[in-house]
Amino acid sequence: KEYLLEDTYSEEGITPERLFELLQLEVIISDEVHQEFHNVFKVMLYSNIRLFIGLTATLTSKNSRLEKMYHILFPETNRISNIVPYNKYISVFSVRYSFKNKRHIRYKTAFGYSQPIFETSILKHSVIRTNYFNMLRVFLEKAYLKRRKEGDKVLVFMRTIDMCRAFIEFLKSLTTFDGCVISKYTEEDDYDVLFSSDIIVSTLGSAGTAVDIPNLIAVLQTDNIDSVQSNIQSLGRLREIKGRNVYFIYFWTSDIPAHKIYNRNRHKLFSSRVKSITSVDYLSLI
């Protein structure tokens, strides 16, 4: 930033475009190149490097301006893709639920749907909060507890840290999960939590990208999002485990218009990437 503001700026007599020349480096490899893309672009421009290699599974966006910048930095002719067959090993379950009393639920802002506001409204109403957590418990038991082997793990995505904490407190109050190490993993927690825990409750920002959790047999996705990248990345936390079924379960309510749109988009997005997609109606009203 200082270099851009002052033409005379240099660090130890070196300007940014001469740094890699001085270090005798010719290649940069950037993993998860779709993240912090503006900074990635600037680094490439000012590094004056011979070869820049970007790695990502999700160089796509619904943002037309961002999509344009992707193609400027990485033209189609410069991309290497589809060199191995897509391995379809994930079973996806789309779980629809409804609210018995919708007047306590909030989710709107001037800019549209807000997941943080939605989660806050659930936490504020004790009955709804308990019923919502019980719904998640049912699927946590089916997808994880009843199939669990030594070392198996499950990951639950939520949007807010308050929601993560409240759900962990709820799970720890149940004897059903005695013997399971239940932990929160957000930016304030140690990375080792991912390996020392059985049930991990986290956010997409913390564990949604570039995090590999061994023996992960299920992901429960409660964060309703419409981002192509975030949806594919959260699905991609599941790795193939030979001889085992791995489940991705996401939740949405038919009482919120945005959830219905997101569900349709997810269904379309996942259909070519997974082994199966099954729609499930949660019978109990929250």
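Refer to the structure presented above.
The rules behind these values
Residues numbered from 1 in each chain as written. Predicted model: local features only at pLDDT ≥ 70, side-chain atom pairs only at ≥ 80, totals over all residues. Heavy atoms only, no water. Helix = DSSP H or I, 4+ residues; strand = E, 2+ residues; numbered from the N terminus. Buried < 20%, exposed > 50% of the residue type's maximum accessible area, 1.4 Å probe, protein only. Contact = heavy atoms within 4.5 Å. Areas by Shrake-Rupley, 256 points an atom, 1.4 Å probe, with all protein chains shown as cover. Core = buried A, V, L, I, M, F, W, Y, C linked by side-chain atoms within 4.5 Å. Pairing = 2+ DSSP bridges.

J.: Looking at this structure, how should I read the overall build of the protein chain?
T.: Counting secondary structure elements, the protein chain contains 11 helices and 11 strands. Principal axes of the C-alpha set define a box for the protein chain whose edges measure 65 × 50 × 35 Å. The 286 residues of the protein chain split such that 45% are buried. For the protein chain, the proportion of contacts with a sequence separation of at least 24, taken over those separated by at least 6, is 69%. Surface accessibility of the protein chain: about 16000 Å² in total, with carbon and sulfur atoms responsible for 51%.

J.: In this structure, what is going on with the nonpolar core? I would like to understand it.
T.: Looking at soluble globular proteins, one finds that nonpolar side chains tend to be buried together. By size, the foremost hydrophobic cluster in this structure holds 71 residues, and its most contacted members are Phe-133 and Phe-167. Considering each element in turn, this core owes the most residues, eight residues, to helix α6 (residues 126–143). Among all residues touching Phe-167, those that are not within four sequence positions of it are Phe-133, Leu-136, Leu-140, Val-156, Met-158 and Val-201. Phe-20, Ile-28, Val-33 and Phe-52 belong to the second-largest nonpolar core, a separate cluster that totals 12 residues.

J.: I tried to follow the pairing of strand β7 (residues 182–185) on my own but got confused; where do I start?
T.: If a strand is regular, its side chains alternate between the two faces of the sheet. Across the two faces of β7 the burial is the same, with Ile-182 and Lys-184 and Ser-183 and Tyr-185 all buried. When β7 meets strand β8 (residues 199–202), the two strands line up parallel, connected through four bridges. Each residue of the ladder has a partner; that of Tyr-185, found in β8, is Ser-202.

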